[in-house]
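This is what each chain is made of:
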Amino acid sequence: MKNVRVPLLLVSALALAAWGMVLAPAIQAGIIRHLLQRALDPTVEIGSARIGWDGGVRVRELEWWTKGWRLQVAEAEVRLPLASLLGKAKPGFRTVLLRGCSVEPVGATGIPETWRESVYAGLAGALAPARLEAEGEIRLPAKTGVIAFRAAGAEAAAGRERVLRVELKFRPEVTDLPAGEGLLRVKLPAGGAEMPRRAELVAALRVEGWSPELTVVGEWTEPPAAGAGDWALRVRAADREVARLSGTLPAAGEDWRGRWWADFREAEVARFFPAPRWSGDRIGGEGELVWSPGAGLVAVRGKAEVELGAAARLHPVLAHLGLTGGEAEFAFRAGSRVWAFESLALRLRAGGAEPVLRLTSCQPWAVDWSAKSFRAKEPDGDLISLEVLDLMLPSLPLAGITVGGGPVQGRLIGRASAGGLALRTEKILQATGLFATTGEGWRVGNLAASLQGALRVSPEGWSVEVDKVRLSGPAGEFASLEAKGGRLNGERESWKVAGRGRVELAAAAAVLPGKPASALKAGILEVDAGVTGGTVTALHAHVRASGLRATTDLPELRLDARVDRGSSGQLKFHVPLETGSGPNLSRALLAGVLEPSDRGGGRFELEVTGPRLDLPALARFWPLFAGGDAVPQNSVPWVGWSGNLIARMDEWVPEAGVIWRQTRARVRFDDSMVQVDELESILDGGASLRASGKLSHAPDEASPYRLQSAVFLRDWSPAGIEGEPGWFSGKLDLAGSLRSCAGDLAGLWSALEGEMHLVSRGGTLRLFPVNLPPVPAGSGRVAEILAAAGGALESLGVRRDPPLSRGRAVAELSSFLHPLAFDQLSVVAARDAAGNFSLRHFIVLTPELRLAGGGNLLRRPGGGFLEGSLALELQLRARGRPAELLRGLAALEELPDEWGYAAAVSLPLRVRGTLARPDASDLDVRLAALALERNPISERAADWFNRIRRSK
């Protein structure tokens, strides 16, 4: 017995060892992997597995690859007979439980051609007899969304069909797809039963803000033997069917073919087409559909009709165009990036039965959306035709002006060009009845326009050509334009537009209602301009205006401007400007930098240079821009602006008839003041001017404007000022300071006050013309005494000049006073706020005469500076010959001053009248009195002379 027990114990030990090896995790995982590869597919892989004593198998991290699909299962549990683990036949599963399933497409298209066979093989093959439970999600291609599912199927009875129930919930990942949930029932025949495979789908789609929800019902029937099955998909909204797809099931690898039909009413249109939100009344159509799953292509053929209705007025584009509906017939194939059109005919209506826009394809063509390119079957042939048939031009806002009207007529032809589309007018686009309005109620109408041009769009970029645009009004054509532009694709590429135009101002003025009196009434305006945009924007414009007439004839105007705008908004400008013609030609260059501010104004650096700048000529254009005949008085014209102005002009014309040469100026601006740091110029006659000053603004003060200025003038000839006074010849040096305070800019001049010191180092005064009546040469005791003395001297043998009579003495004296050639003239003139001048320290020096005194110049209301009332009192002093004459006339003091001048007795020089026409006639009376003997008769003669002059 003992010998028998030993072998039995040994066999038992070996059996236990073998079973233990079977129970090892690695061996169990290999057995389960082999089992699943026999039952499903050789590509099945698992992470770990465990086999129970009751035939239960638990698997973790299962991954199953098929052609086009990948299934991942976090945890699986199956039950099957233990004999299935050792046999070579496919195992018969009794229970299959799958948790954490993830199904996603793989490959280029994401949908395999044999997907039906793959699903059927898995459900109707080894798993058909088993009880099936599964939960997880299906990820749709192109990140469309996720379908969460829960499937359950009871174990199939012998000879009966198997039913699989699947609950579905769709969660979209894009905002324009609805969420939904539904129930799918799949019926599969048991074993080899001659029963068709069928599937039924009932789903409810929920769209946010949409009630009621959509109901989707689908049917699929496929016979077990070779033959075509049927499928249909219907969409219902409430109690009405809105869309339908139906067809037959193709054989493996073939295309799906079916028919489509749709009838969307207002509610469905608003939700199926949210962008753009058309809000139409109806979209309907029908046709055929072909789908190639392997290639991912969809071919659609059919016709559609759109009724936009009154609700379309809510869409800005449709409302502008006035479109109410249209029809389309089409046949095209669409892929992921290329759409190929076999035919296309689109007709759009605007209220009536006849179309206003008609788009027709002339040959088969295709568009590659990713490359943005077009291809045609015949590259040199027409691609599309667009006809505009009495389309009313919508109201379009353009830079504060609304333009509209109509109708528009014409035809455009499109052709393939360099991979793109070239669209050109075949018939001139014409529009009549055009109008333009502004927000202020300004309106022009009854205009007509015509357009010829082309538009090209290609992968390299776009370009536009405007061969001719013409605008006409009641008085005929008044404007024309030619232009070209384009841009190459790329972030760093710039767009460019260049053109030229011409405006006939007389014809244009005829269409302007209520035009101001200062508006242009005649002339020609020509513009040749170009614009470049991108990181740096540049504008170049050549403008010429000739034959201009507003209230008066205006000079010609020409400018050639260049403006560059950087990415920061900084503007650099270079503007050569010409006005006038011939000897009055004004030429200047304006150049600098401008940095606009978001709050208005900005900072600038401006330089004005050139041979000549005529301000009065430029000022004649101001009413055209200001809207009136005068320059408006802005409270603070430079508010918000700061910067520097530098001017260097060979000739500067500040006012008509006045020319300043070699002008140099430097001016600084900020919010509170304008300061002239330097002003130098050479005036007419060779006078040199230097000035500086400051104009400030303090808004908190009653008189916010203040002016302070210093002026230096050398070698100034006053003969060039208003009135051209002839009583003075010579040159003056002027030095002084001015100040003013006023409530506005216009009041600064009237409130100007200050003090000026005028000095002349040589010249002539013609203030004292003497007009005496003839006086007998021998009258008076002076003549008798001089005659007696002369006779006595002659008797002694001494020869003397004949003695002078009083009349001849006065005449010789008057020759010294008129004209009065002086060596020095000096006067201090002070102006008060009322415009009156006080003249102090008035001194005129000659070698033999000295005039000293003072006076005032009172402003006359409404009169100019030279029309003021003059009152000047001067004291005459003499030496040399004038002193001898005065002494002989007994009209000279004996005691001279420190310079040797003695004062004339009873001979003050009074000047009255105005600065333009001074009156020194009082001197005539006093000299006439001196010419007569000093006795009662001579006194009465003086009175008689006074009465004569007063009567004159």
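Remember, predicted model here, so these are calculated numbers, not experimental data.

Student: Just to check I follow, could you spell out the sheet that holds strand β39 (residues 728-730) for this structure?
Tutor: The strands that make up a sheet pair up through hydrogen bonds in the backbone, lying either parallel or antiparallel. Ordered in space as β39-β42-β43, the 3 strands form an open sheet in which the pairing is antiparallel. With partners counted over all chains shown, the strands left at the sheet margins are β39 and β43 (820-822), one partner each. Mean inter-strand twist for the sheet, computed between neighbouring axes without regard to direction, equals 20°. One ladder, built from 3 bridges, connects strand β42 (residues 763-765) with β43; its direction is antiparallel. Opposite G763, over in β43, you have F822 as the bridge partner.

Student: Got a minute to help me understand the confidence of the model for the chain in this structure?
Tutor: The predicted coordinates should not be examined in detail at positions where pLDDT is low. For the chain, per-residue confidence averages 79 on the pLDDT scale, and 77% of positions sit at 70 or higher. In this model, residues 628-634 is a region of pLDDT below 50 whose contacts with residues beyond four sequence positions or in other chains number 13 contacts. pLDDT under 50 marks residues 935-942. Its contacts with residues more than four places away, or in other chains, come to 7 contacts.

Student: Where do I start with the packing of helix α11 (residues 806-817) against helix α13 (residues 922-931) in this structure?
Tutor: The description of two helices packed together rests on the angle between their axes and the distance between the axes. Two numbers describe how α11 lies on α13: the axes approach to 8 Å, and their chain directions differ by 150°. Relative to α13, α11 is oriented roughly antiparallel. For α11 against α13, the interelement crossing comes out right-handed. Taking contact as the criterion, the partners of R806, G807, V810, L813, S814 and L817 in α11 are, on α13, L923, L927, L930 and A931. Looking at the contact of α11 with α13, its residues break down into 7 nonpolar, 2 polar and 1 charged.

Student: Teacher, can you tell me more about the pattern of salt bridges here?
Tutor: Side chains that carry opposite charge are capable of pairing whenever their charged atoms lie near each other. Per the stated rule, a full pass over the model turns up 55 salt bridges. Salt-bridge contacts for R415 lead to D382; the nearest nitrogen and oxygen are separated by 2.6 Å. Here R415 is found in strand β22 (residues 401-417), whereas its partner D382 is found in the loop between β20 (373-376) and β21 (384-398), with 33 residues between them in sequence. On the basis of relative accessible area, R415 is assigned to the partly exposed category, the value being 41%.

Student: How should the nonpolar core be read in this particular structure?
Tutor: Side chains of a nonpolar character, in soluble globular proteins, are inclined to be buried together. In terms of nonpolar packing, the biggest core is built from 64 residues, with L765, F768, L851, L876, L886 and L907 touching the most fellow members. Of all the elements, strand β47 (residues 869-878) adds the most residues to this core, at 5 residues. In contact with L907, other than residues within four places in its own chain, are L813, L876, L886, L923, R926, L927 and L930. V300, L357, V367 and F478 belong to the second-largest nonpolar core, a separate cluster that totals 36 residues.

Student: Looking at this structure, I do not really get unusual backbone geometry. What am I missing?
Tutor: Across residues other than glycine, the phi torsion is negative in most instances, and most of the peptide bonds are trans. Residue P819 is bonded to the preceding H818 through a cis peptide linkage, with omega at -5°. With respect to the secondary-structure elements, P819 resides in the loop between α11 and β43. One non-glycine residue, D715, adopts positive backbone phi at about 60°. When you line up the elements, D715 lands in strand β38 (residues 705-716).

Student: Sorry, what's going on with α11 here?
Tutor: In an α-helix, one turn spans 3.6 residues, which is why side chains three or four residues apart end up on the same side. Over its 12 residues, α11 extends 17 Å from the first C-alpha to the last, a length consistent with the 16 Å expected when each residue adds 1.5 Å. Listing the buried residues of α11 in full gives R806, G807, A809, V810, L813, S814 and L817. Along the axis of α11, the buried residues cluster in a sector spanning 160°; they form a single face.

Student: Even after reading the chapter, I still don't get the packing of α11 against helix α12 (residues 881-888), so can you show me in this structure?
Tutor: Across the interface, α11 lies against α12 with an axial gap of 10 Å and an inter-helix angle of 145°. For the element pair α11 and α12, the recorded crossing hand is left-handed. Judged by residue contacts, R806, A809, E812, L813 and F816 of α11 engage R881, P882, L885, L886 and G888 from α12. Tallied by class, residues from the contact of α11 with α12 come to 6 nonpolar, 1 polar and 3 charged.

Student: What exactly am I supposed to notice about the environment of S696 here?
Tutor: Tracing the backbone shows S696 in strand β37 (residues 688-697). Between the alpha carbons of S696 and Q675 there is a distance of 8.0 Å; along the sequence they are 21 residues apart. In contact with S696, other than residues within four places in its own chain, are S672, M673, P704, Y705 and R706.

Student: Mind showing me how you'd approach the pairing of strand β44 (residues 824-831) here?
Tutor: A large share of β44 lies buried, amounting to 7 of its 8 residues. Here strand β41 (residues 753-760) runs beside β44; their pairing, made up of 7 bridges, is antiparallel. Looking at the pairing, E755 lines up with A830 of β44. When β44 meets strand β45 (residues 837-845), the two strands line up antiparallel, connected through 7 bridges. Across the sheet, V828 pairs through a bridge with R840, a residue of β45. Here β44 hands over to β45 after 5 residues, with G835 in that stretch at a positive phi of 90°.

Student: Mind showing me how you'd approach the packing of aromatic side chains here?
Tutor: In this description, an aromatic ring pair is defined by two values, namely the gap between the centres and the angle between the planes. Applying the stated criterion across every chain, the model contains 15 aromatic pairs. Judged by centre distance (5.2 Å) and plane angle (90°), the ring pair of W652 and W660 falls under edge-to-face. Classification of W660 as buried rests on a relative accessible area of 17%. Members of the aromatic cluster, each reached through a chain of ring pairs, are W260, F330, F332, W339, F341, W365, W369 and F374. Lying over the aromatic face of F712, R690 brings its terminal NZ or CZ to 4.9 Å of the ring centre.

Cut-off values and rules
- Residues numbered from 1 in each chain as written.
- Predicted model: local features only at pLDDT ≥ 70, side-chain atom pairs only at ≥ 80, totals over all residues.
- Heavy atoms only, no water.
- Pairing = 2+ DSSP bridges.
- Helix = DSSP H or I, 4+ residues; strand = E, 2+ residues; numbered from the N terminus.
- Axes fitted to C-alpha atoms, helices over the stretch in contact; angles between N-to-C directions.
- pLDDT = per-residue confidence, 0-100.
- Contact = heavy atoms within 4.5 Å.
- Parallel < 35°, antiparallel > 145°, perpendicular 65-115°, else oblique.
- Left-handed = near helix turned anticlockwise from the far one by under 90°.
- Nonpolar A, V, L, I, M, F, W, Y, C, P; charged D, E, K, R; others polar.
- Salt bridge = Lys/Arg side-chain N within 4 Å of Asp/Glu carboxyl O.
- Buried < 20%, exposed > 50% of the residue type's maximum accessible area, 1.4 Å probe, protein only.
- Core = buried A, V, L, I, M, F, W, Y, C linked by side-chain atoms within 4.5 Å.
- Expected span 1.5 Å × (residues − 1).
- Arc of directions from axis to C-beta.
- Phe/Tyr/Trp six-rings, centres within 6.5 Å; stacked < 30°, edge-to-face > 60°.
- Lys NZ or Arg CZ within 6 Å of the ring centre and 35° of its normal.

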